[in-house]
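One letter stands for each residue in the lines below.
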Amino acid sequence: MKTGLPILLAMLTTFALPLNTVAQGKTSLQVSKTITINADAQKVWALAGDFGGMQHWHPAIASTQLESRSAANGRTETVRVLTLKDGGTITENLISLDQGKMRIQYAIITSVLPISDYSATITVKKLAQGKTEVHWQGHFNRAYQGKGQIPPDQDDATAIKVITQVYESGLASLKQKLETP
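J.: Would you take a moment to explain the nonpolar core for this structure?
T.: Note on soluble globular proteins: their nonpolar side chains tend to be buried together. Formed by 38 residues in total, the largest nonpolar core has its most connected members in Tyr 118, Val 134 and Trp 136. Those elements that place two or more of their residues in this core are strand 1 (29-37), helix 2 (41-48), strand 3 (76-84), strand 4 (89-98), strand 5 (103-110), strand 6 (115-126), strand 7 (132-142) and helix 3 (156-179). Broken down by element, this core gets its largest block of residues, seven residues, from helix 3. In this structure Tyr 118 touches Tyr 106, Ala 107, Ile 108, Trp 136, His 139, Phe 140, Ile 163 and Tyr 167, once residues within four positions along its chain are discounted.

J.: What exactly am I supposed to notice about the pairing of strand 2 (residues 61-70) here?
T.: Within a regular beta strand, the side chains point alternately toward one face of the sheet and then the other, so they alternate between its two faces. Here strand 2 runs beside strand 3; their pairing, made up of nine bridges, is antiparallel. By the bridge assignment for strand 3, Ile 61 is matched with Leu 84. Here strand 2 folds back onto strand 3, and the loop between the two strands holds five residues, one of which, Gly 74, carries a positive phi near 90 degrees.

J.: So what exactly am I meant to see when it comes to the packing of aromatic side chains here?
T.: Aromatic rings in a pair are described by how distant their centres are and how their planes are angled relative to each other. Counted by the stated rule, this structure contains four aromatic pairs. Look at Trp 136 and Tyr 167: their rings are 4.2 Å apart centre to centre, the planes differ by 15 degrees, and that puts the pair in the stacked class. In this pair, Trp 136 is assigned in strand 7 and Tyr 167 in helix 3, connecting sequence segments 31 residues apart. Assessed through its relative accessible area of 1%, Trp 136 is described here as buried. The structure contains a cluster of three or more aromatic residues connected by ring pairs, namely Trp 57, Trp 136 and Tyr 167. When the ring centre of Tyr 106 is taken as reference, the NZ or CZ atom of Arg 80 above it lies at 5.0 Å.

J.: Please clarify how the pairing of strand 7 should be interpreted in this entry.
T.: Summarising the sheet, strand 1 and strand 7 pair through nine bridges and their orientation is antiparallel. Across the sheet, the residue bridging to Ser 32 is Gln 137, located in strand 7. Where strand 6 lies against strand 7, 10 bridges are found, and the strand directions are antiparallel. Looking at strand 7, one finds that Ala 120 is bridged to Gly 138. Counting the residues that bridge the hairpin from strand 6 to strand 7 gives five residues, and of these Gln 129 lies at a positive phi of roughly 60 degrees.

What counts and what doesn't
- Residues numbered from 1 in each chain as written.
- Predicted model: local features only at pLDDT ≥ 70, side-chain atom pairs only at ≥ 80, totals over all residues.
- Heavy atoms only, no water.
- Core = buried A, V, L, I, M, F, W, Y, C linked by side-chain atoms within 4.5 Å.
- Buried < 20%, exposed > 50% of the residue type's maximum accessible area, 1.4 Å probe, protein only.
- Helix = DSSP H or I, 4+ residues; strand = E, 2+ residues; numbered from the N terminus.
- Contact = heavy atoms within 4.5 Å.
- Pairing = 2+ DSSP bridges.
- Phe/Tyr/Trp six-rings, centres within 6.5 Å; stacked < 30°, edge-to-face > 60°.
- Lys NZ or Arg CZ within 6 Å of the ring centre and 35° of its normal.

Structure (structure tokens):
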């Protein structure tokens, strides 16, 4: 039976190390919000799907500047620099824009938000009776990726709270702008 103990310890170590790595390293977080808007889907998409026009519907955005940049793969990328009303900036890369499916995907390059490795999708879906559903979903990690004590403003809860506030305020503003004559 003594030979079984080293095997058991090796197995426990093998399974415990990945758990410790997850606890100390990157975490995979997600926020998903959906709203129904009493407006035509094409009208909603014209506003929500405009990569260069987020300042027209998101209350935190003061302005958007579009740029074309050369990517490492030799292609040209469309990038937007969002200037926030508080003066901070967020730089995002357009991953895809599908007019037919009314879906836009983008990723953050640099940001003042307490997150890292952020990518998101906004999808607009036509519903019955002139209503439209807008779904905004993002995947990201918390800002702090080091080992040791996680600073309180860079933890999972803060990252989730900030992105939730971004989505909820943006979707509420989008709804208000499209439903108000």
